[in-house]
Amino acid sequence: MNNLVEIKDGKLFFDGCDTTELAKEYGTALYVMSYTEIMNRINELKEQFTDKYENTRIAYASKAFCTEGMYEILKKAGACIDVVSGGELYTARKVGFPAERVEFNGNNKLQKEIDLAVEYGVGRIILDGLQEIPLIENACKKFGKKMNIMIRITPGVAASTHDYIVTGKKDSKFGIPLERDIFLPIVKQVIDSEYLNFTGLHMHIGSQLFENDAFLKALNVLMDWAAIIKKEFNADVKEVNFGGGYGVTYTDEERMPYSFFMDPMMELLQKRADEIGIERPAAVIEPGRSVVAEAGISLYTVGQIKEIPGVRKYVSIDGGMGDNIRVALYQAEYKGVVANKANEATSEKVTLCGKYCESGDILINDMLVPASIEMGDIIALFSTGAYGYAMASNYNNNPIPGVVMVKEGKSAWMVKPQTYEQIIQNNVIPDFI
Ligand code: LLP
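Residues numbered from 1 in each chain as written. Predicted model: local features only at pLDDT ≥ 70, side-chain atom pairs only at ≥ 80, totals over all residues. Heavy atoms only, no water.

1. Things to note about the packing of helix H2 (residues 35-50) against helix H3 (residues 68-77)
For any two helices packed against each other, one specifies the inter-axial angle together with the distance between the axes.
For step 1, the next point in the chain: Two elements in contact, H2 and H3, have axes separated by 12 Å at closest approach and are oriented at 35 degrees. Considering how the two elements wind past one another, H2 and H3 form a crossing that is right-handed. Contact residues: Tyr-35, Ile-38, Met-39, Ile-42 and Lys-46 in H2; Met-70, Ile-73, Leu-74 and Ala-77 in H3.
For step 2, the next point in the chain: Tallied by class, residues from the contact of H2 with H3 come to eight nonpolar, no polar and one charged. (Axes fitted to C-alpha atoms, helices over the stretch in contact; angles between N-to-C directions. Helix = DSSP H or I, 4+ residues; strand = E, 2+ residues; numbered from the N terminus. Left-handed = near helix turned anticlockwise from the far one by under 90°. Contact = heavy atoms within 4.5 Å. Nonpolar A, V, L, I, M, F, W, Y, C, P; charged D, E, K, R; others polar.)

2. Things to note about a nonpolar patch on the surface
For step 1, the next point in the chain: A contiguous nonpolar patch, built from Ile-429, Phe-432 and Ile-433 and spanning about 450 Å² of accessible area, is present on the exposed surface.
For step 2, the next point in the chain: Examined against the element boundaries, Phe-432 turns out to sit in the segment after helix H12 (420-423).
For step 3, the next point in the chain: Assessed through its relative accessible area of 68%, Phe-432 is described here as exposed. (Patch = residues over 30% accessible without salt bridge, like charges linked within 9 Å, V, L, I, M, F, W, Y side chains within 5 Å. Areas by Shrake-Rupley, 256 points an atom, 1.4 Å probe, with all protein chains shown as cover. Salt bridge = Lys/Arg side-chain N within 4 Å of Asp/Glu carboxyl O. Buried < 20%, exposed > 50% of the residue type's maximum accessible area, 1.4 Å probe, protein only.)

3. Here's the deal with the domain arrangement of the protein
For step 1, the next point in the chain: Splitting the protein by domain gives domain 1 (5-33 + 293-423) and domain 2 (35-290).
For step 2, the next point in the chain: Between the C-alpha centres of domain 1 and domain 2 the distance comes to 33 Å.
For step 3, the next point in the chain: Domain 1 puts 25 residues into the contact, and the matching count from domain 2 is 22 residues.
For step 4, the next point in the chain: In total, about 2,100 Å² of surface goes out of reach between domain 1 and domain 2, with carbon and sulfur atoms giving 61% of it.
For step 5, the next point in the chain: Where domain 1 meets domain 2, there are one salt bridge.
For step 6, the next point in the chain: Its salt-bridge partner being Glu-294, residue Arg-255 comes within 2.4 Å of it at the nearest N-O pair.
For step 7, the next point in the chain: Counting every contact that joins domain 1 to domain 2 gives eight residue pairs in polar contact (both at pLDDT 80 or more).
For step 8, the next point in the chain: When residues of the side of domain 1 that touches domain 2 are traced back to their parent elements, those giving at least two are helix H11 (326-330), strand E20 (402-407) and strand E21 (410-415).
For step 9, the next point in the chain: Looking at the side of domain 1 that touches domain 2, its residues break down into 15 nonpolar, three polar and seven charged. (Domains from an automatic or database assignment. Buried area = accessible area lost by both parts, 1.4 Å probe. Polar contact = N/O pair within 3.5 Å; in protein donor to acceptor, adjacent residues only side chain to side chain.)

4. Concerning the layout of surface pockets
Using a probe with the size of a water molecule, rolled over the atoms, empty space left in the structure can be pinpointed.
For step 1, the next point in the chain: For the second largest pocket, the calculated volume is near 410 Å³.
For step 2, the next point in the chain: Along the walls of the second largest pocket sit 16 residues, with Cys-66, Thr-67, Glu-68, Thr-91 and Tyr-389 positioned nearest its centre.
For step 3, the next point in the chain: Examining the composition of the lining of the second largest pocket, we find that five residues originate from one element, helix H4 (residues 86-94), more than from any other.
For step 4, the next point in the chain: Taken together, the residues of the lining of the second largest pocket break down into eight nonpolar, four polar and four charged.
For step 5, the next point in the chain: Mapped onto the domain boundaries, the lining of the second largest pocket takes at least three residues apiece from domain 1 (5-33 + 293-423) and domain 2 (35-290). (1 Å grid on protein atoms, 1.4 Å probe; cavity = no way out; pocket = protein on both sides within 12 Å on 5 of 7 lines; lining within 4 Å. Points joined across faces, edges and corners; volume = space filled by probe spheres on them.)

5. Let's talk about the nonpolar core
For step 1, the next point in the chain: Ile-151, Phe-183 and Phe-242 are the most contacted members of the largest nonpolar core, which totals 116 residues.
For step 2, the next point in the chain: Residue assignment places this core across two domains, with domain 1 (5-33 + 293-423) and domain 2 (35-290) each supplying three or more.
For step 3, the next point in the chain: Discounting residues that sit within four places of it in the chain, Phe-183 has contacts with Ile-151, Ile-153, Ile-176, Pro-177, Leu-178, Leu-201, Trp-225 and Ile-229.
For step 4, the next point in the chain: Counting residues in hydrophobic clusters, the runner-up holds 17 residues, among them Tyr-26, Ala-339, Phe-382 and Val-404. (Core = buried A, V, L, I, M, F, W, Y, C linked by side-chain atoms within 4.5 Å.)

6. Quick notes on the sheet that holds strand E2 (residues 11-14)
Hydrogen bonds between backbone atoms are what pair the strands of a sheet, whose relative direction is either parallel or antiparallel.
For step 1, the next point in the chain: With antiparallel pairing, three strands are arranged side by side in an open sheet as E1-E2-E3. Only two strands of the sheet have a single partner each, and these edge strands are strand E1 (5-8) and strand E3 (17-18).
For step 2, the next point in the chain: Where E2 lies against E3, two bridges are found, and the strand directions are antiparallel. Directly across from Phe-13, in E3, lies its bridge partner Asp-18. (Pairing = 2+ DSSP bridges.)

7. A few points about the site of the ligand
For step 1, the next point in the chain: Taken together, 18 residues form the shell around the ligand, and within it Ser-207, Glu-286, Arg-289, Arg-326 and Tyr-387 come nearest.
For step 2, the next point in the chain: Separating an oxygen atom of the ligand from a side-chain N or O atom of Lys-63 is a distance of 3.2 Å.
For step 3, the next point in the chain: Residue Tyr-330 places a side-chain N or O atom 2.7 Å away from a nitrogen atom belonging to the ligand.
For step 4, the next point in the chain: Burial of the ligand by the protein chains amounts to 92% of its free accessible area of 590 Å².
For step 5, the next point in the chain: Taken together, the residues of the shell around the ligand break down into six nonpolar, six polar and six charged.
For step 6, the next point in the chain: Inspection of the shell around the ligand shows a minimum of three residues originating in each of domain 1 (5-33 + 293-423) and domain 2 (35-290). (Near = heavy atom within 4 Å.)

Laid out in structure tokens, this is it:
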């Protein structure tokens, strides 16, 4: 765990806050996000990438955790953001995020979303299909604008991670297949369009990665095509987006510093650009998980405890798959502790389960806890800051928990918990029933 986790008087502290007091003050289930940890990651990215190499940008992948407060942090830090929906665009606009620092991704951008992006004046649209071109041109005509376009490729490289989060292999709904007859006409259409400004190529090979091989292989493929584009159309690839995917620690994975990925990538980018005879393109990365995952913990209160003799002991909490779908979806593994008994020896193995009506609603399969575990204890799960709140649902009409931000002992709401009324606020009873 990161160094913001401490144990004092047997209680778990996170970024200077007593988590048992947070549970009392704000209620559970609760997401807690550390401002300090987010800033540490942003500063690490600056030191190891944008300050170290010229002509580089960080475009935080909003999908990992998107709230107005998160955008405010990134706005102040001078970072860019990657957005993938009208909702993320709307949130960015709401906090006055500078439009030129917004990059719009997605494999099926809707006309109304493209309209929002073009009207807002986003810095880049990442093209992900042939039929997207007329949609962008429509919007450009409507708002009298010209758009910077990067083209997302499918480099045909398989990264080693969970199958659901691999995106760079050939059989993928993302990116444009690298077949001459498919890819080159799209590039030509972008170059020839009076509304579009071809700026470069984009790739994203997968998520939760710890090795560099697949990144380097994919970048080589991308630069092979930069050479073809130069030869065929005499056009320069001026920007290259490496995507995100930098792995984090959930249980015992060893997190690599950003420089582990960036240094060899930047060296290869320079080398390949020199070979092609173009300026070294601007380099952009889209980290999501690695900025926020370890900045988040989830707090729950223990409810029913059920012992099935000779089988197992179920410890139920007041949250589950509605606030963390990653275990059911990807067999993700988490570490947790009993926050109010953090010093007690852990001698019992239990299954930590949620309150949702689904047998698969398990958060930790074999969790070691003190034998004294009882109703009312507070459980903390670590590294839940990415794709937790972001993927939360109202299954069983349970409210989505709130998010509290902590910073050196201070705490404040970042997102208030949903109320029952908010869950049904858009319900309508049809008049014919
Ligand atoms: N850029 C693009 C184009 C992406 O599709 C993604 C993630 C990222 C950047 C950010 O990747 P990251 O740095 O966060 O690994 N819900 C899954 C992860 C899905 C990732 C989808 N795309 C999970 O909970 O593991």
